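A structural walkthrough
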Amino acid sequence: MTIEILWFFFIYAFIGWCTEVVYAAVESGEFVNRGFLNGPLCPIYGAGIIFVVYLLHPVQNNILYMFIGSVLITSGIELVGGFALEKIFHHRWWDYSDMPFNIGGYICPQFALVWGLACLLIVDRIHPLTISIVGLIPMAASQIILVVLGTLFIVDLMATVNFIFKLNKNLEIIDEISLKIKEASDSMGENLANGAIALANKTADVEERLEAQKELLEADVSEIKHAQLQAMANRKQELAELSKTYRELLEATPLTHIRLLKAFPGLKSLEHNEALEKMKHAIRSGLRSAGTSTDNSERDETS
């Protein structure tokens, strides 16, 4: 039974991944490696079908009960999964908030009905074929294959989790640098304003006092101006270094982070969403630039 369940999990997780890839290709016109993991698996599909197959086995011949049960089970898994991912990683991975009658943005009736119909098709047509195929695999070979698949799955899961935590750390650093840039810019503006006010006051004093004191006051003005220029130069240098680090962080986004952001275009960070949106913009700009460069190269080669 355990071996059978594991096979069902991997088969339906793979079918789910294929479904997501096809949907994304139709929607965006390009291949997108959809799913939480790097490999060709969407675990939520595998878990969902297993629950449907085993929990609804007593009513599998009743289409109405199967449909209602499938809607409830798949919606429950999507709700719990979305909530758990949000609490663990502090990201909203999908959001149905713009759909009518949604629940917390995690689930909505439109997709719930689609999952229900899909489960009816799978249980009635695909699952019997799956059982037959799994039954043809020798026990020894089945155990070896499942151990390999299980190991790859665990490694992929651990790597993905690690990359997500690194993404969160990068977003935190980007927000911190953004705040420092704002503080440096504000400080430079304040110094400029304060220096202008001080210079204006000293100039007024020069005009009002005796000619004998004018040189002394002008020296004070010169000293204030020099200090102001030095402070401005230091702030500009600090601002330039911060801006350089900021750009490098945005532009040097790891491929795994790029894949995740493409797989979940609606991803929202609960703590650093502004930094996340800037990272998405930098990725889109980089991809567009790369595409333009490729097109130009191809045109040059053709000509």
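Criteria and cut-off values
- Residues numbered from 1 in each chain as written.
- Predicted model: local features only at pLDDT ≥ 70, side-chain atom pairs only at ≥ 80, totals over all residues.
- Heavy atoms only, no water.
- Helix = DSSP H or I, 4+ residues; strand = E, 2+ residues; numbered from the N terminus.
- Expected span 1.5 Å × (residues − 1).
- Buried < 20%, exposed > 50% of the residue type's maximum accessible area, 1.4 Å probe, protein only.
- Contact = heavy atoms within 4.5 Å.
- pLDDT = per-residue confidence, 0-100.
- Axes fitted to C-alpha atoms, helices over the stretch in contact; angles between N-to-C directions.
- Left-handed = near helix turned anticlockwise from the far one by under 90°.
- Nonpolar A, V, L, I, M, F, W, Y, C, P; charged D, E, K, R; others polar.
- Phe/Tyr/Trp six-rings, centres within 6.5 Å; stacked < 30°, edge-to-face > 60°.
- Core = buried A, V, L, I, M, F, W, Y, C linked by side-chain atoms within 4.5 Å.
- Polar contact = N/O pair within 3.5 Å; in protein donor to acceptor, adjacent residues only side chain to side chain.
- Salt bridge = Lys/Arg side-chain N within 4 Å of Asp/Glu carboxyl O.

1. Let's talk about helix 2 (residues 43-55)
- In this model helix 2 runs 18 Å from its N-terminal to its C-terminal C-alpha over 13 residues, within 8% of the 18 Å that 1.5 Å per residue would give.
- Taken residue by residue, helix 2 has Tyr 45, Gly 46, Gly 48, Ile 49, Ile 50, Val 52 and Val 53 as its buried positions.
- On its buried face, helix 2 sits against helix 1 (2-28), helix 3 (63-89) and helix 4 (109-136).

2. Observations regarding the confidence of the model for the chain
- With 71% of its residues at a pLDDT of 70 or more, the chain shows a mean pLDDT of 81.
- For residues 290-295, every residue scores under 50 in pLDDT, and the model assigns this stretch 0 contacts once sequence neighbours within four places are set aside.

3. Considerations on unusual backbone geometry
- Despite not being glycine, His 90 shows a phi value in the positive range, around 60°.
- Its location among the elements puts His 90 in the loop between helix 3 and strand 1 (91-92).
- Here His 90 falls in the partly exposed class, since its relative accessible area comes to 32%.
- Despite not being glycine, Phe 101 shows a phi value in the positive range, around 65°.

4. Thoughts on the packing of helix 2 against helix 3
- It is at 10 Å that the axes of helix 2 and helix 3 come closest, and there the two elements cross at 145°. In this structure, helix 2 crosses over helix 3, and the sense of that crossing is right-handed. Seen from helix 2, the contacting residues are Ile 44, Ala 47, Gly 48, Phe 51, Val 52 and Leu 55; seen from helix 3, they are Met 66, Ser 70, Ile 73, Thr 74, Ile 77 and Glu 78.
- Of the residues contributing to the contact of helix 2 with helix 3, the split by class is 8 nonpolar, 3 polar and 1 charged.

5. Brief notes about the packing of aromatic side chains
- All chains considered together, the criterion is met by 14 aromatic pairs.
- Relative to Phe 153, the ring of Phe 9 has its centre 5.6 Å away and its plane inclined at 80°; by these criteria the two rings are edge-to-face. Separated by 144 residues along the polypeptide, Phe 9 in helix 1 and Phe 153 in helix 5 (residues 139-208) bring together distant segments of the chain. Side by side, Phe 9 and Phe 153 carry an identical accessibility label, which is buried.
- For the pair Tyr 96 and Phe 111, a centre-to-centre distance of 5.0 Å together with 20° between the ring planes defines the contact as stacked. In this pair, Tyr 96 is assigned in the loop between strand 1 and helix 4 and Phe 111 in helix 4, connecting sequence segments 15 residues apart.
- Members of the aromatic cluster, joined through ring pairs, are Phe 36, Phe 89, Trp 93, Phe 165 and Phe 264.

6. Quick notes on helix 1
- The terminal C-alpha atoms of helix 1 lie 38 Å apart, and with 27 residues this matches the ideal 39 Å at 1.5 Å per residue to within 8%.
- All buried positions along helix 1 are accounted for by Trp 7, Phe 8, Phe 9, Phe 10, Tyr 12, Ala 13, Gly 16, Trp 17, Glu 20, Val 21 and Ala 24.
- Just downstream of helix 1 lies Gly 29, where phi reads positive at about 80°.

7. Concerning the nonpolar core
- Phe 36, Val 52, Trp 93, Phe 264 and Met 279 are the most contacted members of the largest nonpolar core, which totals 43 residues.
- Of all the elements in the fold, those that place two or more residues in this core are helix 1, helix 2, helix 3, helix 4, helix 5, helix 7 (255-263) and helix 8 (273-302).
- Residues in contact with Trp 93, not counting those within four places in the same chain, are Phe 36, Leu 85, Glu 86, Ile 164, Leu 260, Phe 264 and Leu 267.

8. What to know about the side chain of Ser 75
- When you line up the elements, Ser 75 lands in helix 3.
- Taking relative accessible area as the criterion, Ser 75 reaches 9% and is therefore assigned buried.
- A polar contact is formed between the side chain of Ser 75 and the backbone oxygen of Val 71, at a distance of 2.7 Å.
- Look past the residues within four positions of Ser 75 in its chain and what remains in contact with it is Ser 70, Ile 107 and Ala 112.

9. A word on the pattern of salt bridges
- Counted by the stated rule, this structure contains 7 salt bridges.
- Close ionic contact of Arg 34 with Glu 20 constitutes a salt bridge, the shortest N to O distance being 3.6 Å. Taken together, the residues span a long stretch of sequence, with Arg 34 in the loop between helix 1 and helix 2 and Glu 20 in helix 1 at a distance of 14 residues.
- Using a relative accessible area of 16% as the deciding quantity, one classes Arg 34 as buried.
- Judged by its relative accessible area of 16%, Glu 20 is buried.

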